[in-house]
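Spelled out, the chains give:
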Amino acid sequence: MKRSNTFLLTMLGFGFAFFYVPILSMIVYSFNASRLATVWGGFSTKWYGTLLSNAQVGKALTLSLEIAVISSTTATILGTMAGIALARFTTFRGRTLFSGLVTAPLIMPEVITGISSLIFFILLGQYLGWPAARGFTTVTLAHITFSMVFVTTIVQSRMLSADRAIEEAAMDLGAKPWQVLRDVTLPVISPAILSGWLLAFTISMDDVVITNFTTGPGTTTLPILIWSKVKLGVTPDINALATLIVLTVGLCVLAAGVGMNRAERRAERDRRLAYRANQ
Amino acid sequence: MTEPLVRIEGVSKSFGSFQAVKNVSLQIEKGEIFSLLGGSGCGKTTLLRMLAGFEAPTQGRIFIDGVDMAAVPPWERPVHMMFQSYALFPHMTVEKNIGYGLKHDAMSNAGRQARVREMLELVQLTPFATRKPHQISGGQRQRVALARALARQPKLLLLDEPLAALDKKLREHTQFELMSIQERTGVTFIVVTHDQEEAMTLSDRIAVMDQGVVRQVGRPGAVYEFPNSKFVANFLGSINAFDAKVTAIGEQISVDVPALGQTVIARAVAGVSVGQSLTMALRPEKITIHRAPVEGANVLAGGVKDLAYFGKDSLYRVALPSGALVSVHAVNAARASDDERLADWDDKVWLSFDPASVLLLTD
Ligand SMILES: Nc1ncnc2c1ncn2[C@@H]1O[C@H](COP(=O)(O)OP(=O)(O)OP(=O)(O)O)[C@@H](O)[C@H]1O
Ligand SMILES: [Mg+2]
């Protein structure tokens, strides 16, 4: 008993270490005074200063955020529509093909998606003259294309588990189909839509491969910037940047945890209310 | 003749090759509580859904208030439905749920609020107006669903197993509540149920369904006492049924019942002929049990094989010499201790019944 406990704890320790030691060392080295990434030269925060005064990083971050917001929002709108359609119209012609087409990109290697997007944009440029060059627009379009399927999948599974009867009830009470969508369907699946948006946003924020294929000169997103800098050797300001990203992600996870905890407590209170209403 | 509120004419519904509803014709009058009674999967919900407009009949027509409903979408029908699962909007409060239908009516805000308050009072949920559906109990949810369906003053209210999710005590209480609400509002109810007692208690008329077909329509008493088939007799209450053959027709009808080893006399009915094979059926409560031999026709002798004591009544299973078992339901009218009971295990008893109680079923 005792023995297996120790064993399990050791395993757990290794597991965590495996994941977090690299991150920790990166954080520690972001406070390195030395210019050499691998030699400790004393504590310093100067790289954060360098980072903040680096216009290139600021520009890349803004660009990434812009692309992520636009692409995830568009992908959410398109993906939600596709998800609802797939869940509701179960018998339209070509449904199997359509749902296959929707889920295929989930398992398609990113390189393939990237190359095909690139070729598509080049062809479009040749025959239509648009897009003239690759850059912001093409990256955003590519991001929409491949993050949409994630939204679709999430929304579709939420729709399938939702009670069909509440939509019928609304219709029965005089709501036309678009009113049913606005008043009932969308509010009920809104948590799924939100998580779809968050997923699309994150995917867009940290995508390197597809962006690499579809971007052009002057359009450097944050992941691309980091990637190209690291190719020239890891510098401490990259460590600082990565540390800030880790910090942001950590705060988000913490906030989500607190939010979930609160929702859990609210649900508990509701259960007690319902129970007391029974008395 | 005045036009009935609902006229269903030869309606059938197929899902692929499966026929869920077969050639149903019904007329439902204004102000009635009409029950659709039948076993699981017999097409009750499908019929309701066609009335509400969620399914289109494969064949036949439905008229509500004289208007052909074929081209009328669900949101324009003067019909509201109370769903089996209640289908309350989870993200809206009780009062928003109840008021939802009113949003689609041309109505002042104040009028709307007054109507919601009125409905809350009707179902006694005023203190819970601002709760969400998951914050109230099952019985209260059922009442919200009812109030929501009634708020727009439909001509017809469809209730799909309205009481199925409630426990026994609450169900009995709610039955009477439903009836009194129906009386006060005057709305016509069509209630789907598979609980025969519920159907008998609630309804003005009952339609018994079996595998998509309506087997019999009538007042509860008529359907119970004069079932037109073995299926209906068995579905409403219980019966002792035996194969029989008509031997003579006069003032009364004589049938030979091999399982009982004797001839049984029944009241004359139309549509039988000598030599015809049919089912002779007797309801257990129509049989009297005696401790001493009795004279006359329709007397059977046997021994008590089983006895179930329910308090207000008892069920006896009497074995006849031929081996047939007859169930007898007797009210325990007199107070008796265990050893002075009407009859006990292995006691010899005599059973008698009136010719008028004998059911001759040809179907
Ligand atoms: N959309 C559908 N597609 C295929 N078959 C269906 C569909 N809806 C109902 N059925 C079938 O039609 C038959 C009747 O169903 P229905 O829901 O009307 O039964 P019910 O009488 O309401 O039963 P229950 O008492 O169990 O609710 C069932 O056999 C069911 O499987
Ligand atoms: Mg049903």
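The coordinates are above.
Remember, predicted model here, so these are calculated numbers, not experimental data.

(A) Fine view of the overall build of chain B. The helix and strand tally for chain B stands at eight helices and 20 strands. In terms of overall dimensions, chain B has a C-alpha envelope of 75 × 50 × 40 Å along the principal axes. Within chain B, the proportion of its 363 residues that are buried is 52%. Within chain B, contacts between residues at least 6 apart in sequence are counted, and of these 65% link residues at least 24 apart. About 16,700 Å² of surface is accessible on chain B, with carbon and sulfur atoms providing 50% of the total. Positive and negative charge centroids in chain B, built from 39 and 39 side chains respectively, lie 8 Å apart.

(B) Representation of the sheet that holds strand β16 (residues 299–309) of chain B in the model. Residue and element names in this part refer to chain B. Judged by pairing direction, the sheet is antiparallel, and its five strands sit side by side in the order β15-β19-β16-β17-β18 without closing on themselves. Edge positions in the sheet fall to β15 (287–290) and β18 (325–331), since each has one partner strand and no second. When strand polarity is set aside, the average angle formed by the axes of neighbouring strands in this sheet is 45°. Looking at chain direction, β16 and strand β19 (residues 348–353) are connected through five bridges and run antiparallel. Residue pairing for β19: Ala 301 is matched across the bridge by Trp 350.

(C) Just the sheet that holds strand β3 (residues 33–38) of chain B, in detail. Residues and elements named next belong to chain B. Ordered in space as β6-β7-β8-β3-β9-β10, the six strands form an open sheet in which the pairing is mixed. Each end of this open sheet is capped by a strand with a single partner; those strands are β6 (79–82) and β10 (213–218). Averaged over all neighbouring strand pairs, the angle between strand axes comes to 20°, with direction disregarded. Relative to strand β9 (residues 205–210), β3 is paired through five bridges, and the arrangement is parallel. Note that in β9 the partner of Phe 34 across the bridge is Arg 205. Strands in contact with helix α1 (residues 44–52) are β3, β6, β7 (156–160), β8 (188–193) and β9; relative to β7, the strand with the most contacts, it is inclined by about 150°.

(D) Expanded view of the nonpolar core. Ranked by internal contacts, the top residues of the largest apolar core, which has 46 residues, are Leu26(B), Leu36(B), Phe89(B), Leu158(B) and Ile190(B). The contacts of Leu36(B), once residues within four sequence positions are left out, are Leu26(B), Lys44(B), Leu47(B), Leu48(B), Ile190(B), Val191(B), Val192(B), Thr193(B), Ala207(B) and Met209(B).

(E) Seen up close, unusual backbone geometry. The residue after Trp130(A), namely Pro131(A), is reached through a cis peptide bond having omega -5°. Mapped onto the secondary structure, Pro131(A) falls in the loop between α5 (110–128) and α6 (136–161). A positive phi is found at Gln211(B), a non-glycine position, where the angle reads about 50°. Here Asp346(B), not a glycine, exhibits a phi torsion of approximately 65°, which is positive.

Parameters and conventions
Residues numbered from 1 in each chain as written. Chains lettered and ligands numbered in written order. Predicted model: local features only at pLDDT ≥ 70, side-chain atom pairs only at ≥ 80, totals over all residues. Heavy atoms only, no water. Helix = DSSP H or I, 4+ residues; strand = E, 2+ residues; numbered from the N terminus. Buried < 20%, exposed > 50% of the residue type's maximum accessible area, 1.4 Å probe, protein only. Contact = heavy atoms within 4.5 Å. Areas by Shrake-Rupley, 256 points an atom, 1.4 Å probe, with all protein chains shown as cover. Lys, Arg positive; Asp, Glu negative; His and termini not counted. Charge placed at Lys NZ, Arg CZ, Asp CG, Glu CD. Pairing = 2+ DSSP bridges. Axes fitted to C-alpha atoms, helices over the stretch in contact; angles between N-to-C directions. Core = buried A, V, L, I, M, F, W, Y, C linked by side-chain atoms within 4.5 Å.

Interpretation in functional terms is not warranted from these geometric data alone.
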